[in-house]
Amino acid sequence: MSKISNTEIKKLENLYKLNKLTELEQETKKLLQIENNNIILLNILGVVYLKKKFFKEAEPIFKKILNQNSKDTNALKNLGETYRKINKFANAIKYYELYLTINPNDNEVINNLASCYLKNKRYEQAVNYYRDLTKNSPHDQEYLTNLAMALIESLNFKEGMQILEQLLDKNISNKRALSGYLFNQNYNPQINFDKLNNYIKKFNHSSKKDNLNIINFCYKKNPKKINVGFVSPDFRSHPVGYALTNVIEHLKSYNFNLFGYYSFSLEDDLTNKFKKDFDHFHNVTDLNDEQIINKIRSDGIHILIDLAGYTFNNRISIFFNNPAPIQISMLGYLATTGIKEIKYKIGDPHIYPRNTEKNFTEKILRLPNIWSDFVVKQNADISKLSLDEKNDQIIFGCFVTLRKINDSVIKLWSKVLKKFSNTKIYFKSPELNNVSIEKDLKNKFLNYGIKSDQLILEKSSDYKTYLESYSKVHISLDPFPWNGVTTSFESIWMGVPVFCLKGGNLPYSRCSYSINKNLKMNDWIANDENDYLAKLERILLNKKELLFIKKNLRERAIKNNLFNSKEFTKNLANTLNMVWKNFTIE
C-alpha cells in the first residue's frame, strides 16, 4: 500500500498548475525520500526536470519508471519528449512508437513523432503521419503547416507551397505559414514579388489590429555609446552564428553597447561565447511580442538589427511595432522583409545592385566589400588534389541542400557533363540519406541523358569529413536561383573555386557572384547559359592555371577581405554610426 496520500498528490498537482516548479521539485523530492520508487512521484519529478530543461536529470528518472513498468504511458511519452528535446531523434522515435501501441490516437505524440522522422530525413514516414493528422483534423492549422513544411523539405515543393498559400488565404495571421512561404519562395525560379508583397501587407495590417500595450521609447538622445540590439534565433552553431561571432567580439572596441535577443531554446558552446561577448544577452524565446518589444524599449535600444527575416524561429512580427527608432535587416535573410518599419537593409554592391532596389521596401546600405563575415567553424587542410594535364578526370562538386537543385539547374549541368568528357558531378547532401530522393535525382538527370555513373552521390557526414570531401573536388558548381552561400564560402576556404551565373533580381542568386567579384575572379562568373559553357571550357583547357588558382585560393580570399573579420566589422561600425548620425539630424 502506498505511503503517500491523495492529499499530498493533489498538493503537488496544484503546484504544477501554478507553475511553481522549484517548490514542486522540493516537495516531490521530500516525498520520494519516504517512497523512492513511487511511479507517480517519479513522473512528476521527471516532468519538472523536463519543464526546467534539465534533460540529463529527466532521462534516468523516466528510465527508472520503465524498469518497473515497461508500459507506463507517462514515462514512455515523457522519455520520447526528453530525447526529442536533446535531438536524439532515433531514441525519441523508439519511445513514441512504444507509447502509440498503447494510445494510438494521441495526436500530440503523433505530431512529435512525425517531426522526429523529419529530422532524421525519413520523409515518407513524416509526410504520412502528417497526412493522417490532417485527415482527422482537416482544419488544424498547425498540422497543415507541418505537412506543408515536410513536403517542401522532402522536395515536394509545389504541393507544400500550395498548402501554405491556402492557409494564408484563410488566415494571414499564421506566422509560421507566412514565414515558411516567404522563405521558401527564394528557391523558386518563377518568384512573384507582387504576390509576396501582398501577403506581407495583409500580415502587416492584421498585426496592427493587435492591441498591444507598448511602453514609450527609453533611449537616450545623446548617448556616450549607441545601444545596438541584435534579434536572432541563431546565436548558436549555425551559419549566421558563425558569421557573427567575430563581428560581435570586434564591435566591442567601437562606441556601442551590444544587446543580444536570442529567440531559440537550444544553447551550445557558441551561445556561451555570445553571452560573454555581448554586453547584455537575453533569451526571449518564451516572451510574446508585447513583452519582447517592451524589453527592447526599456533597454533603450537605438538601433535594432534583425538577423533572421522569415527563417526558422524568427520574431519578425515585433518590428511592425518599432521596438527601436532605427530598424535594420541584414545577414540571415537577404531578400526584402516587406516591412516598411524596417528602414534599412545592409549588404554589398554585388548582391544589391541599383536595379534591384525596386523590389525592396528597405533602403539599401552597401558595405564596400562582402556582405558577410564568414567563419569556418573547424579548420582543415586545403585540398591537395592534383591535376594531370592530359588524363585526369574533372570532378565538379555541389554540396548544397537538394532543394536548390531545380530542373533548370539539372538541365544546364547535364549539358556540362555532355560537353566535357571525363567529368562527373559530386553531390553531398543530407537529403541523400533518403533512398527515394537519391533515386529521384538520378532519374532527373537521366531525363537529360545523363547516366548515374556520371554522378557521385554521398550522404551527409560530420563537419570535418564534410570539409575534407572538398579534396575530391576540382571545381564547385553553383546552383540557381539560390546559390550555395555557406557552401560557397566553405568551398573557397578549402581551395575549391566556385563557378557561377551572375544572378538576377533575387539577392540569393548573386551571392557567389559577390564572392567572385571580391576575389577579382570575373572569369568564373557567367552571364548566361552560352557564356557558362564557353567560360567553363576555357577554364578546363588550362589545367595549370586551375591548379595555381586552387593552391592560392585561401590566401587570395584572405587578402581580398573575404575572411577578414576586423575589416568587415570596421565597415559595419562605420555604417551604423552613419545611420545614427543621420537619424539625429533628421
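Remember, predicted model here, so these are calculated numbers, not experimental data.

Engineer: What am I meant to see in the overall build of the protein here?
Structural biologist: Secondary structure assignment for the protein yields 23 helices and 13 strands. By the compact-globule yardstick of 25 Å for 586 residues, the protein fits well, its C-alpha radius of gyration being 26 Å. On the principal axes, the C-alpha backbone points of the protein span a range of 85 × 65 × 45 Å. Put simply, the protein has 586 residues, and 55% of those count as buried. A separation of at least 24 residues holds for 66% of the contacts in the protein among residues at least 6 apart in sequence. Total accessible area computed for the protein in this model is approximately 26,800 Å², and 47% of it derives from carbon and sulfur atoms.

Engineer: Please explain the sheet that holds strand 12 (residues 498-501) as it appears in this structure.
Structural biologist: Backbone hydrogen bonds hold the strands of a sheet together, and the pairing may be parallel or antiparallel. Spatially, the six strands line up as an open sheet ordered 10-9-8-11-12-13, and their pairing is parallel. Edge strands, defined here as strands with exactly one partner in the open sheet, are strand 10 (455-458) and strand 13 (525-526). Where strand 8 (residues 394-398) and strand 11 (residues 475-477) come together, two bridges link them in parallel fashion. For Gly 397, the partnering residue across the bridge sits in strand 11 and is Ser 476. Sheet strands in contact with helix 17 (residues 435-446) are strand 9 (423-428) and strand 10, and its direction is about 165 degrees off that of strand 10. Relative to the sheet, helix 20 (residues 511-518) contacts strand 12 and strand 13, its axis offset from that of strand 12 by approximately 125 degrees.

Engineer: Just to check I follow, could you spell out the sheet that holds strand 3 (residues 280-283) for this structure?
Structural biologist: Sheet architecture is open: seven strands sit in the order 3-2-1-4-5-6-7, paired in parallel fashion. For this open sheet the edge positions go to strand 3 and strand 7 (363-366), each flanked by a neighbour on one side alone. Within this sheet the neighbouring strands show an average axis-to-axis angle of 25 degrees, counted without direction. Relative to strand 1 (residues 226-232), helix 13 (residues 239-251) is tilted by about 165 degrees, and along the sheet it contacts strand 1 and strand 2 (256-262).

Engineer: Looking at this structure, I do not really get the side chain of Thr 569. What am I missing?
Structural biologist: Note on placement: Thr 569 falls in helix 23 (residues 565-585). The exposure class assigned to Thr 569 is buried, which follows from its relative accessible area of 0%. Beyond its immediate stretch of four places on either side in the chain, Thr 569 contacts Asn 246, Val 247, His 250, Leu 251 and Tyr 254.

Engineer: Is there a simple way to explain empty space enclosed by the protein in this structure?
Structural biologist: Empty space among the atoms can be located by rolling a probe the size of a water molecule over them. If you walk through the whole model with that rule in mind, you get four cavities of 30 Å³ or more. The computed volume of the largest cavity comes to approximately 110 Å³. Taken together, 15 residues form the lining of the largest cavity, with Phe 193, Leu 196, Tyr 333, Ala 335 and Thr 336 sitting closest to its centre. Among the elements that take part in the lining of the largest cavity, helix 12 (residues 193-207) stands out by supplying four residues, more than any other.

Engineer: What should I look at first to understand unusual backbone geometry in this one?
Structural biologist: Of all residues except glycine, most have a negative phi; of all peptide bonds, most are trans. The omega angle of the peptide bond from Phe 480 to Pro 481 is 5 degrees, so this bond is cis rather than trans. Note that Pro 481 resides in the loop between strand 11 and helix 19 (486-493). Positioned with a positive phi, Asn 322 is a non-glycine residue whose angle comes to about 50 degrees. Mapping Asn 322 onto the fold places it in the loop between strand 4 (303-306) and strand 5 (326-330). You can call Asn 322 partly exposed: its relative accessible area is 27%.

Engineer: I tried to follow helix 13 on my own but got confused; where do I start?
Structural biologist: Because each turn of an α-helix spans 3.6 residues, side chains separated by three or four positions in sequence point in the same direction. Between the first and last C-alpha of helix 13 there are 19 Å, a value that for 13 residues agrees with the 18 Å anticipated at 1.5 Å per step. When the local axis directions of helix 13 are compared, the greatest deviation, roughly 30 degrees, occurs at Thr 245. Residues of helix 13 that are buried in the fold lie against strand 1, strand 2, helix 14 (269-277) and helix 23.

Engineer: Sorry, what's going on with the pattern of salt bridges here?
Structural biologist: Oppositely charged side chains may form a pair once their charged atoms are brought near each other. Taken as a whole, this structure holds 32 salt bridges when the rule is applied. With its nearest N and O atoms 2.8 Å apart, the salt bridge here joins Glu 249 to Lys 273. Here Glu 249, found in helix 13, pairs with Lys 273, found in helix 14; they are 24 residues apart in sequence, far enough to count as distant. On the basis of relative accessibility, which here comes to 37%, the residue Glu 249 falls in the partly exposed class. A salt bridge links Lys 570 to Glu 567; the shortest N-O distance between them is 3.5 Å. Here the residue Lys 570 and the residue Glu 567 both occupy positions in helix 23, the gap between them amounting to three residues, near one helical turn. Ionic contacts of the salt-bridge type, sharing partners, join the residues Lys 11, Glu 27 and Lys 30 into one network.

Engineer: Please clarify how the layout of surface pockets should be interpreted in this entry.
Structural biologist: Put simply, the second largest pocket is a space of about 530 Å³. If you trace the second largest pocket, you find 23 residues lining it, with Leu 155, Phe 157, Lys 158, Asn 406 and Asp 407 closest to the centre. For the lining of the second largest pocket, the element with the most residues is helix 10 (residues 157-170), which contributes five residues. Class assignment for the residues of the lining of the second largest pocket results in twelve nonpolar, five polar and six charged.

Engineer: It is not clear to me how the packing of aromatic side chains should be interpreted in this structure. Could you clarify?
Structural biologist: How two aromatic rings sit relative to each other is set out by the distance from centre to centre and by the angle between their planes. This structure, assessed with the given rule, holds 39 aromatic pairs. Residues Phe 259 and Tyr 261 carry aromatic rings whose centres are separated by 6.4 Å and whose planes lie at 10 degrees to one another, so their mutual orientation is stacked. According to the relative accessible area criterion, Phe 259 is buried, its value standing at 5%. Here the aromatic rings of Tyr 310 and Tyr 333 are separated by 5.5 Å at their centres, their planes lie at 80 degrees, and the arrangement is edge-to-face.

Engineer: When you look at the pairing of strand 8 in this model, what are you seeing that I'm missing?
Structural biologist: Within a regular beta strand, the side chains point alternately toward one face of the sheet and then the other, so they alternate between its two faces. Along strand 8, five of the five residues are buried, which leaves the element largely enclosed by surrounding structure. The alternating pattern of strand 8 places Ile 394, Phe 396 and Cys 398 and Ile 395 and Gly 397 on opposite faces, both of which are buried. Inspection of the sheet shows strand 8 paired to strand 9 by five bridges, in the parallel sense. Bridge assignment links Phe 396 to a residue of strand 9, and that residue is Ile 425. Between the parallel pair strand 8 and strand 9, the chain is carried across by helix 16 (residues 407-419), and the sense of this crossover is right-handed.

Engineer: Mind showing me how you'd approach the environment of Ile 410 here?
Structural biologist: Mapped onto the fold, Ile 410 is located in helix 16. Counting along the chain gives 249 residues from Ile 410 to Met 161, while the straight-line C-alpha distance between them is 21 Å. If we ignore the near neighbours within four places in the chain, the residues touching Ile 410 are Ile 405, Leu 441, Lys 444, Phe 445 and Tyr 448.

Analysis parameters
Residue numbers here run from 1 along each chain, matching the order of that chain's written sequence. A pLDDT threshold of at least 70 governs which residues receive local features in this predicted model, and a stricter bar of 80 or more applies before side-chain atom pairs are shown or counted, although totals over entire chains, interfaces and linings include all residues. Side-chain descriptors were evaluated using all non-hydrogen atoms of the structure, hydrogens and water having been removed beforehand. Note on conventions: DSSP H or I runs of at least 4 residues are helices, E runs of at least 2 residues are strands, and numbering of each starts at the N terminus. Note that the radius of gyration is over C-alpha atoms, with the globule rule given as 2.2 Å times the number of residues to the power 0.38. Buried residues are those whose accessible area, probed at 1.4 Å on protein chains only, stays under 20% of the maximum for their type, while exposed residues exceed 50% and partly exposed ones sit between those limits. Two residues form a contact once any of their heavy atoms are found within 4.5 Å. Here the open area of atoms and residues is found with the Shrake-Rupley method and a 1.4 Å probe, where only the protein chains shown may cover a residue. At least two bridges found by DSSP between two strands is the condition for calling them paired. To get an axis, a line is fitted to the C-alpha atoms, and for a helix only the part in contact is used. The angle between two axes follows their N-to-C directions and goes from 0 to 180 degrees. Using only the protein atoms, space was sampled on a 1 Å grid; points where a 1.4 Å probe fits but cannot get out form cavities, open sets with protein on both sides within 12 Å along at least five of seven lines form pockets, and lining residues are those with an atom within 4 Å of a point. Grid points are joined across faces, edges and corners, and a volume is the space filled by probe spheres set on the points. For a helix, the expected span equals 1.5 Å multiplied by the number of residues minus one. Bending is quantified residue by residue as the angle between axes fitted to the seven-residue window ending at that residue and the seven-residue window starting at it. By convention in these notes, a salt bridge is any Lys or Arg side-chain nitrogen within 4 Å of a carboxyl oxygen on Asp or Glu. Residue polarity follows a fixed list, in which Ala, Val, Leu, Ile, Met, Phe, Trp, Tyr, Cys and Pro are nonpolar, Asp, Glu, Lys and Arg are charged, and the others, Gly among them, are polar. Classification of ring pairs uses Phe, Tyr and Trp, with its six-membered ring standing for Trp, and accepts pairs whose centres are within 6.5 Å; under 30 degrees between planes counts as stacked, over 60 as edge-to-face, and the remaining range as tilted. Note on handedness: a crossover is taken as right-handed if, strands pointing away from the viewer, the path from the first strand over the helix to the second is clockwise.

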